[in-house]
Amino acid sequence: MAKSHLELTGVEMAFDTAKGPFIALENVDLKIQKGEFVSLIGHSGCGKSTVLNIVAGLLQASKGGCVLDGHEVNSPGPERAVVFQNHALMPWLTVYENVELAVRQVFRKSMSRQERKDWITHNLELVNMAHAANKRPGEISGGMAQRVGIARALAMKPSVLLMDEPFGALDALTRAHLQDSLMDIQQELNNTVIMITHDVDEAVLLSDRIIMMTNGPAATVGEDLYIDLPRPRNRVALADDARYVRYRQEVLSFLYEKQRKLESLSTRRSGKASAQESGGQAVKQVSA
Ligand SMILES: Nc1ncnc2c1ncn2[C@@H]1O[C@H](COP(=O)(O)OP(=O)(O)OP(=O)(O)O)[C@@H](O)[C@H]1O
Ligand SMILES: [Mg+2]
């Protein structure tokens with residue numbers, strides 16, 4: 001069998017909190033092949049961003065680990081670009097300069113100054129932000145900043161693209177446009193994508209696989225659903241496709257039936273788990 005491109009093995013993530021260690025993730029095992037588009041879906045607070053941050057090298061698992069192309073991941077790297085949940089742009093740089101910073105880091109040697117300039121503009125045009133190239137993050141809306149974050153990540157031509165709810169803050173039309181662009185780019189570059197989303201339709205439309213995570217604490221992979229729909233995919237045509245509708249129902253049923261039942265059972269069974277969870281949530285609020 002082919003070796004995995006990206007592999008998480010036995011990942012546990014324990015956060016230190018005032019009430020003691022909070023086990024956010026436990027026994028997370030995940031194998032991803034080169035060029036796969038994988039979505040992570042699960043209830044708020046289950047640990048999706050934590051998984052993504054471990055792959056990004058921004059967090060170190062307390063047990064187990066992440067291996068990319070045979071190398072252990074323990075720090076960030078330009079081959080793994082991240083689009084953060086709350087668009088993390090440098091506030092003192094303009095929109096153009098934010099993208100330029102990343103492009104210079106990756107292509108300083110391989111592209112001429114003019115090529116870099118054209119490439120930055122191309123990526124800003126892709127997300128419809130070229131008109132605001134000279135504005136600073138404080139002068140644009142949240143949705144616009146999110147689009148710059150997406151342009152910055154795409155401009156790095158990463159072999160792994162990590163996206164934390166990238167389209168959540170966008171209006172429906174912009175979101176559809178960017179989803180279609182992302183599908184085209186991913187087909188062309190064959191990069192591996194891990195995307196967190198709360199949107200079931202988005203997950204089914206874009207993904208080769210949907211990883212459904214159980215509720216935390218000690219969250220893990222609940223179900224792993226392969227989306228066997230031909231590409232290129234057309235959102236309008238798929239709306240009536242029986243397979244699309246079935247995939248969608250499977251995800252909805254996991255989120256709103258299976259996970260809800262588990263949640264109420266475990267709450268009844270153990271007060272300990274919920275006490276632990278509230279410890280973790282308190283920390284999250286403080287850090288937000
Ligand atoms: N630095 C931290 N210290 C303590 N607990 C944390 C820390 N970061 C995250 N947690 C806790 O770990 C759990 C998982 O958090 P995470 O941010 O990964 O969830 P999520 O699935 O991305 O949620 P959302 O959908 O709301 O973004 C939560 O209970 C959170 O409170
Ligand atoms: Mg998150």
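As the structure is a computational prediction, the values presented were derived from the model and not from experiment.

**Examining the sheet that holds strand 10 (residues 221-226)**
- Read from one edge of the open sheet, 6 strands run 6-7-8-3-9-10, paired in mixed fashion. Each edge of the open sheet carries a strand with a single partner, namely strand 6 (80-83) and strand 10. Neighbour to neighbour, the strand axes of the sheet diverge by 15° on average, direction disregarded.
- For strand 7 (residues 160-164) and strand 8 (residues 192-196), the ladder comprises 5 bridges, and the chain directions are parallel. Considered in strand 8, the bridge of Leu161 is made with Val193.
- Against the sheet, helix 4 (residues 142-155) engages strand 6 and strand 7, with an angle of about 175° to strand 6.

**Considerations on the packing of helix 2 (residues 95-107) against helix 4**
- In contact at an axis separation of 8 Å, helix 2 and helix 4 are set at 25° when each is read in the N-to-C sense. Our classification of the angle between helix 2 and helix 4 gives roughly parallel. Relative to helix 4, the crossing made by helix 2 is right-handed. Where helix 2 approaches helix 4, its residues Val95, Asn98, Val99, Ala102 and Val103 are matched on the opposing element by Val148, Ala151, Arg152 and Ala155.

**A closer look at the sheet that holds strand 1 (residues 6-17)**
- Taking strand neighbours across the sheet as the criterion, the 4 strands line up as 2-1-4-5 in an open arrangement whose pairing is antiparallel. Each end of this open sheet is capped by a strand with a single partner; those strands are strand 2 (20-32) and strand 5 (71-72).
- In this fold helix 1 (residues 48-56) packs onto strand 1, strand 2 and strand 4 (63-68), with an angle of close to 65° to the strand it touches most, strand 2.

**Focus on the nonpolar core**
- In this structure, Val55, Val99, Ala151, Leu162 and Val251 are the most contacted members of the largest nonpolar core, which totals 75 residues.
- Here the element with the most residues in this core is helix 4; it accounts for 8 residues.
- Residues contacting Val55, with those up to four places away along its chain left out, are Cys66, Val73, Arg80, Leu162 and Ile194.

**Considering the environment of Asn234**
- Among the secondary structure elements, Asn234 is positioned in the loop between strand 10 and helix 7 (235-238).
- Taking the C-alpha atoms as reference, Asn234 lies 8.3 Å from Leu205; in sequence the two are 29 residues apart.

Rules and cut-offs
Residues numbered from 1 in each chain as written. Chains lettered and ligands numbered in written order. Predicted model: local features only at pLDDT ≥ 70, side-chain atom pairs only at ≥ 80, totals over all residues. Pairing = 2+ DSSP bridges. Helix = DSSP H or I, 4+ residues; strand = E, 2+ residues; numbered from the N terminus. Axes fitted to C-alpha atoms, helices over the stretch in contact; angles between N-to-C directions. Contact = placed C-beta atoms within 7 Å. Parallel < 35°, antiparallel > 145°, perpendicular 65-115°, else oblique. Left-handed = near helix turned anticlockwise from the far one by under 90°. Core = buried A, V, L, I, M, F, W, Y, C linked by C-beta atoms within 7 Å. Buried ≥ 20, exposed ≤ 12 C-beta atoms within 10 Å, placed from the backbone.

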